[in-house]
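# Inside the fold
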Amino acid sequence: MPDPIFSDLYQDTEHLIWAPTEQVRSRGRRRSRRNRVAAALTAAVAVGVVASGVVALARHPDAAPPPVPPATVDATTPAPTPSPSGSTVSTPSAEPEPSRTTPSGAPATSGSPPVRPPSRAIPVAAMLQLADLPDGFTMRTDVDGDWSLEFISQFCVNESPSLDVRQVASRSAAFDSPSDRLVERVTRHSGTSAATVMQRVRQLVTGCELMASGDSLSILAESLGGDDAVLVGSEIGGTSNRWIFVRQGDLVAQMRLDHQTTPAEARGTVRSVASRLCAGTDAC
């Protein structure tokens, strides 16, 4: 018995009219040609599109890129301020930090303290000390009184030169004993004015015209020590006084003694005074 599947297929195709074999082959060849032509056209179109893109890029090398979205503006940044000419001037967002450089003219230091100018004050070490005087003297704190040679100049008829020549510092000391009193004043003078003071001491003494005929004022001794030193004596109204002037560098010491100091005694005093003055000047 035949298979049911083939039996049904035979019944469905029994009355079909089949085309001749040559006609079927011709149709197949035409279909193959159409498929090849369509594939060739598709490939040609694709090549044309690519070539067009390359040509377009070659003709416009500087074409602008796609626009970039605008950046967000910070509300704290100040807007540019237009200048009078119409141009825009940018305003800095913050002030520049101040310069920390060393001011011009002042050399930089490496932690060393600044150099201070030397003091013009007269140190205590430049004054006479109790060790320089004979036994029995004590130091006094009161140095007032009219004891200086300038005070004696009031007994001169003519005007006397001033001994205060460019004076920049002064210090005084006083000593007492049962039989004597000694007062010292040391002054500092700028430049070479200390030498001028010594010249004026001589001018005051030798140029003084005393009011009373019996009074006297004179230089008793010179070149007693130090850079310069003189011993001056006076007899005014029956009272004797002695002054010793000593210069060492820019310092001048003036001393008054009550007793009748001789040139030999004055020389020993000048030696002590000049040695002490070296503590207050670089001239020694």
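Preceding this paragraph is the structure being described.
I will try to describe carefully the structure that is included in this document. Here the structure is a predicted model, which means the values were calculated and not measured.

Attention now goes to the overall build of the chain. Scanning the chain from N- to C-terminus turns up five helices and nine strands. Listing the helices and strands of the chain from first to last along the sequence gives α-α-β-β-β-α-β-β-α-β-β-β-β-α. Counting the 284 residues in the chain, one finds 27% classified as buried. Taking the intrachain contacts of the chain between residues at least 6 apart in sequence as the baseline, contacts between residues at least 24 apart amount to 60%. For the chain, the accessible surface area stands at approximately 19,500 Å², while carbon and sulfur atoms represent 57% of it.

For the structure shown, the criterion picks out nine salt bridges. A salt bridge links Arg-181 to Asp-176; its shortest N-O distance comes to 3.9 Å. Across the pair Arg-188 and Asp-250 runs a salt bridge whose closest N-O atoms are separated by 3.2 Å. Placement of Arg-188 in strand E5 (residues 181-189) and of Asp-250 in the loop between strand E8 (239-248) and strand E9 (251-257) is noted, with a sequence separation of 62 residues between them.

Bringing the sheet that holds E5 into the picture now. As summarised here, the arrangement of the seven strands in space is E3-E4-E5-E9-E8-E7-E6, forming an open sheet in which the pairing is antiparallel. Since the sheet does not close on itself, it has two edges, and those belong to strand E3 (138-140) and strand E6 (216-222), each with one partner. Averaged over all neighbouring strand pairs, the angle between strand axes comes to 25 degrees, with direction disregarded. Note: E6 against strand E7 (residues 228-236), six bridges, orientation antiparallel. From the neighbouring strand, Glu-222 faces E7, where its bridge partner is Val-230. The sheet strands contacting helix H4 (residues 193-207) are E5, E6, E7, E8 and E9, and the helix crosses E7 at an angle near 30 degrees. Running over the sheet, helix H5 (residues 263-277) touches E5, E6, E7, E8 and E9 and is turned about 40 degrees from E8.

Tallying each qualifying case throughout the model produces two disulfides. Each disulfide pairs two cysteine sulfurs, and for Cys-156 the partner residue is Cys-208, the sulfurs being separated by 1.7 Å. Taking the torsion about the S-S bond as the criterion, the Cys-156 to Cys-208 disulfide, at about -105 degrees, is left-handed. Of the two residues, Cys-156 is situated in the loop between helix H3 (149-152) and strand E4 (167-176) and Cys-208 in the loop between H4 and E6; the sequence distance between them amounts to 52 residues.

Conventions we followed
- Residues numbered from 1 in each chain as written.
- Predicted model: local features only at pLDDT ≥ 70, side-chain atom pairs only at ≥ 80, totals over all residues.
- Heavy atoms only, no water.
- Helix = DSSP H or I, 4+ residues; strand = E, 2+ residues; numbered from the N terminus.
- Buried < 20%, exposed > 50% of the residue type's maximum accessible area, 1.4 Å probe, protein only.
- Contact = heavy atoms within 4.5 Å.
- Areas by Shrake-Rupley, 256 points an atom, 1.4 Å probe, with all protein chains shown as cover.
- Salt bridge = Lys/Arg side-chain N within 4 Å of Asp/Glu carboxyl O.
- Pairing = 2+ DSSP bridges.
- Axes fitted to C-alpha atoms, helices over the stretch in contact; angles between N-to-C directions.
- Disulfide = S-S within 2.5 Å.

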